[in-house]
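Structure assessment
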Amino acid sequence: MINVTKSYLPDLDEYTKLLKGVWERVHLTNDGPLVRDLEEQMKAYLGVKNLRFCTNGTVVMQLALKAMGITKEVITTPFSYVATTNVLLWEGCTPVFADIRTDDFTIDADLIEPLITENTQAILATHVYGNACQIEAIQALADRYKLKVIYDGAHAFGAEYNNRSLLDYGDASTCSFHATKVFHTVEGGCIITPDDALATTIQHYRTFGHRNDDYFSMGINAKNSEFHAAMGLCVLPKVPELIEARKAIFAQYDAQLDFSKLQRPTLAPGMTQYNYAYYPVVLESEQALLRTVEVLKGDDITPRRYFYPSLNTLPFVKNAQSCPVSEDIARRVLCLPLYPGLAEADVERVCRLVNEAVAEAIV
Ligand SMILES: *Cc1c(COP(=O)(O)O)cnc(C)c1O
């Protein structure tokens with residue numbers, strides 16, 4: 001059985017060594033020493049100024065919106081995981097969808113400007129599959145119209161744009177450390193921001209707004225535990241080799257898939273380091289995709305329709321803009337299995353089955 005992804009687990013003895021310390025201190029959560037150590041190590045690894053470790057990659061987007069006082073219209077991408085739209089709805093904001101680019105599936109900066117109104121407060125964009133959005137163009141619009149920029153960088157850990165962490169752009173970037181991501185803490189996430197005041201507000205928000213013995217703001221509970229931090233401390237040093245292992249599988253897919261009937265997203269020219277987070281292919285039609293999924297599943301291989309569906313078509317999103325490119329790509333994109341430890345022979349089998357399925361599919 002081959003799944004689209006498989007979580008990396010570190011050496012159990014290394015993990016339990018860290019747990020021994022937890023047993024000695026009996027400090028299980030609430031900004032413990034392992035959480036602080038992980039935050040420092042992640043800051044050093046990414047080269048960023050402020051980073052707060054939280055419970056997951058969804059709540060950190062909510063904290064960012066809340067801390068920036070964003071309650072009205074937010075221009076966002078329809079091509080992302082459902083969390084990107086849900087956080088806007090959950091925070092009472094109105095998502096306004098700008099369609100994506102045909103070559104790399106990130107939000108199309110040219111389509112943002114016509115959607116800006118007097119109620120627009122922010123842009124929430126996703127670095128799709130670990131590839132950068134049009135960072136300069138988005139920042140130029142934000143500067144001109146005084147908008148905040150938040151990046152959903154759930155896929156971006158370990159990726160660099162112009163030799164700087166991709167998570168170090170915008171007013172804030174968020175990341176997910178869910179078990180399926182390139183770097184994980186079982187469940188977890190973080191927010192990164194160059195703004196010290198914003199980082200302090202989020203520090204308070206993640207622990208009920210509690211400061212000293214008082215409550216200074218209406219916070220929530222978004223702090224993470226020593227057990228999750230311990231996992232992060234074991235996985236973080238392995239990230240460079242995990243990325244190298246992904247890169248080798250990438251190269252094998254690149255060499256063995258038949259691209260006469262498959263499209264691949266491009267990488268932004270500024271990507272000085274990619275993290276090989278996902279291997280998406282776009283098929284000729286949804287029928288070709290469904291046929292390919294059926295063939296792979298017949299051989300116990302589970303790919304994933306990701307991202308699907310286009311978020312502007314979610315039934316609980318009202319009055320959404322139509323986004324023909326995103327709707328089309330979402331219907332045809334499939335992520336193939338990719339994780340460190342996936343055997344060469346298995347990648348070869350996936351390639352053979354995909355090549356056969358797309359060759360015989362009726363478009
Ligand atoms: C995984 C993911 C999230 C959600 O992160 P969690 O840590 O699972 O809450 C949000 N956005 C994108 C693009 C993701 O891939």
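Before going into details, it helps to say that this report is about the structure given with it. Every residue gets a number counted from 1 within its own chain, in the order that chain's sequence is written. Owing to the predicted nature of the model, reporting of local features is limited to residues with pLDDT of at least 70; listing and counting of side-chain atom pairs is limited to 80 or more, with chain, interface and lining totals taken over all residues. As a rule here, side-chain values come from all non-hydrogen atoms in the structure, and water together with hydrogens is ignored.

Let us now look at the nonpolar core. By nonpolar core we mean a set of buried residues, namely Ala, Val, Leu, Ile, Met, Phe, Trp, Tyr and Cys, connected to one another through side-chain atoms within 4.5 Å. For every residue, the accessible area (1.4 Å probe, protein chains only) is compared with the maximum for its type, and the residue is labelled buried under 20%, exposed over 50%, or partly exposed between those bounds. Of all hydrophobic cores here, the largest spans 98 residues; its most connected members are Phe79, Tyr129, Phe157, Tyr253 and Leu336. Among the elements that take part in this core, helix α12 (residues 344–360) stands out by supplying seven residues, more than any other. When sequence neighbours within four positions are dropped, the list of residues in contact with Phe79 reads Ile100, Phe105, Val128, Tyr129, Phe307, Ser326, Ile329, Ala330 and Val333. Judged by nonpolar contacts, the second largest core, of 23 residues, contains Cys54, Met68, Ile70 and Leu198. What counts as a helix is a DSSP run of H or I of at least four residues, what counts as a strand is a run of E of at least two, and both are numbered from the N terminus. Contacts were defined at the residue level, with two residues in contact if any of their heavy atoms lie within 4.5 Å.

Here we come to the pattern of salt bridges. Side chains that differ in sign of charge can pair as their charged atoms come close. When a carboxyl oxygen of Asp or Glu lies within 4 Å of a side-chain nitrogen of Lys or Arg, that pair is called a salt bridge. By the definition in use, this model includes 17 salt bridges. Among the ionic pairs, Asp299 bridges to Arg349, the shortest N-O distance being 2.8 Å. Of this pair, Asp299 sits in the loop between α10 (286–298) and β15 (301–302) while Arg349 sits in helix α12, and the two are 50 residues apart along the sequence. Overall, the relative accessible area of 29% leaves Asp299 in the partly exposed class. Judged by relative accessible area, which is 24%, Arg349 ranks as partly exposed. A salt bridge links Glu356 to Arg352; its shortest N-O distance comes to 3.8 Å.

Working definition: residue near molecule or strand if any one of its non-hydrogen atoms lies within 4 Å of it. Taken together, 17 residues form the shell around the ligand, and within it Gly57, Thr58, Asp152, Ser176 and Lys181 come nearest. Here a polar contact is recorded for every N or O atom pair within 3.5 Å, except that within protein the pair must consist of a potential hydrogen donor and a potential acceptor, and residues adjacent in sequence are included only if both atoms are side-chain atoms. Ser176 places a polar side-chain atom, nitrogen or oxygen, 2.7 Å from an oxygen atom of the ligand. Separating an oxygen atom of the ligand from a side-chain N or O atom of Tyr306 is a distance of 2.8 Å. For the accessible areas, the method is Shrake-Rupley and the probe is 1.4 Å, while residue cover comes only from the protein chains on display. Contact with the protein chains hides 92% of the accessible area of the ligand, taken as 380 Å² for the molecule alone. Within the shell around the ligand, the residues separate by chemical class into five nonpolar, 10 polar and two charged. Under the scheme applied here, ten amino acids are nonpolar (Ala, Val, Leu, Ile, Met, Phe, Trp, Tyr, Cys and Pro), four are charged (Asp, Glu, Lys and Arg), and all others, including Gly, are polar.

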